[in-house]
Amino acid sequence: MKYRLYVTGTNGYYNLGTYTKDETIFCLDWLILEQKTKEKILGIECNEEDNVEFPVFLYMGHIADYANFKRYLNNQDEVRVTKQFRKRR
């Protein structure tokens, strides 16, 4: 599973890139915990196998939201959000 991150900018959201679970945690740790960013951050779960993308994280300045998302990423037993939805073909 990969995760695409967006950060708010002057003209809407700016794409930071698509990352693996570990890279996503590293990037968000740096942005939220070290840089203490004030911008909104949007995380999209990209399930390439089923061709599904779904928003799973929205950071609006609350560290608790990031802690919940980090727990979601680290929990291997939990069914991923994109596994619950499928695009119509």
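See above for the structure.
Note that the structure is predicted; figures quoted are calculated from it, not measured.

**Focus on the packing of aromatic side chains**
Summed over the entire model, instances satisfying the criterion amount to five aromatic pairs. Judged by centre distance (4.5 Å) and plane angle (15°), the ring pair of Phe57 and Phe69 falls under stacked. On the criterion of sequence distance, the pair formed by Phe57 in strand S4 (residues 52-59) and Phe69 in helix H2 (residues 63-74) is long-range, its members being twelve residues apart. Like Phe69, Phe57 is buried. Site record: aromatic cluster; members linked through ring pairs are Tyr3, Phe57, Tyr59, Tyr66, Phe69 and Tyr72.

**A closer look at the packing of helix H1 (residues 21-34) against H2**
It is at 11 Å that the axes of H1 and H2 come closest, and there the two elements cross at 165°. On the basis of their axis angle, the class for H1 and H2 is roughly antiparallel. Crossing of H1 against H2: the hand is left-handed. Two secondary-structure elements touch here, H1 through Lys21, Thr24, Ile25, Leu28, Asp29, Ile32 and Leu33 and H2 through Ile63, Tyr66, Phe69, Lys70, Leu73 and Asn74.

**A word on the side chain of Asn47**
Topologically, Asn47 is positioned in strand S3 (residues 41-47). A residue is classified by how much of its surface remains accessible, and Asn47, at 4% relative accessible area, is buried. For Asn47, the side chain forms a polar contact with the main-chain nitrogen of Glu49, separated by 3.2 Å.

**Points about the nonpolar core**
Within soluble globular proteins, side chains that are nonpolar tend to cluster in buried spots. Within the largest apolar cluster, 15 residues are counted, with the highest numbers of intra-cluster contacts made by Leu28, Ile32, Ile41, Phe57, Tyr66 and Phe69. Broken down by element, the residue count for this core peaks at five residues, all from H1. Leave out the neighbours within four places in its chain, and Tyr66 touches Ile25, Leu28, Asp29, Ile32, Leu33, Phe57 and Tyr59.

Cut-offs and rules
- Residues numbered from 1 in each chain as written.
- Predicted model: local features only at pLDDT ≥ 70, side-chain atom pairs only at ≥ 80, totals over all residues.
- Heavy atoms only, no water.
- Phe/Tyr/Trp six-rings, centres within 6.5 Å; stacked < 30°, edge-to-face > 60°.
- Helix = DSSP H or I, 4+ residues; strand = E, 2+ residues; numbered from the N terminus.
- Buried < 20%, exposed > 50% of the residue type's maximum accessible area, 1.4 Å probe, protein only.
- Axes fitted to C-alpha atoms, helices over the stretch in contact; angles between N-to-C directions.
- Parallel < 35°, antiparallel > 145°, perpendicular 65-115°, else oblique.
- Left-handed = near helix turned anticlockwise from the far one by under 90°.
- Contact = heavy atoms within 4.5 Å.
- Polar contact = N/O pair within 3.5 Å; in protein donor to acceptor, adjacent residues only side chain to side chain.
- Core = buried A, V, L, I, M, F, W, Y, C linked by side-chain atoms within 4.5 Å.

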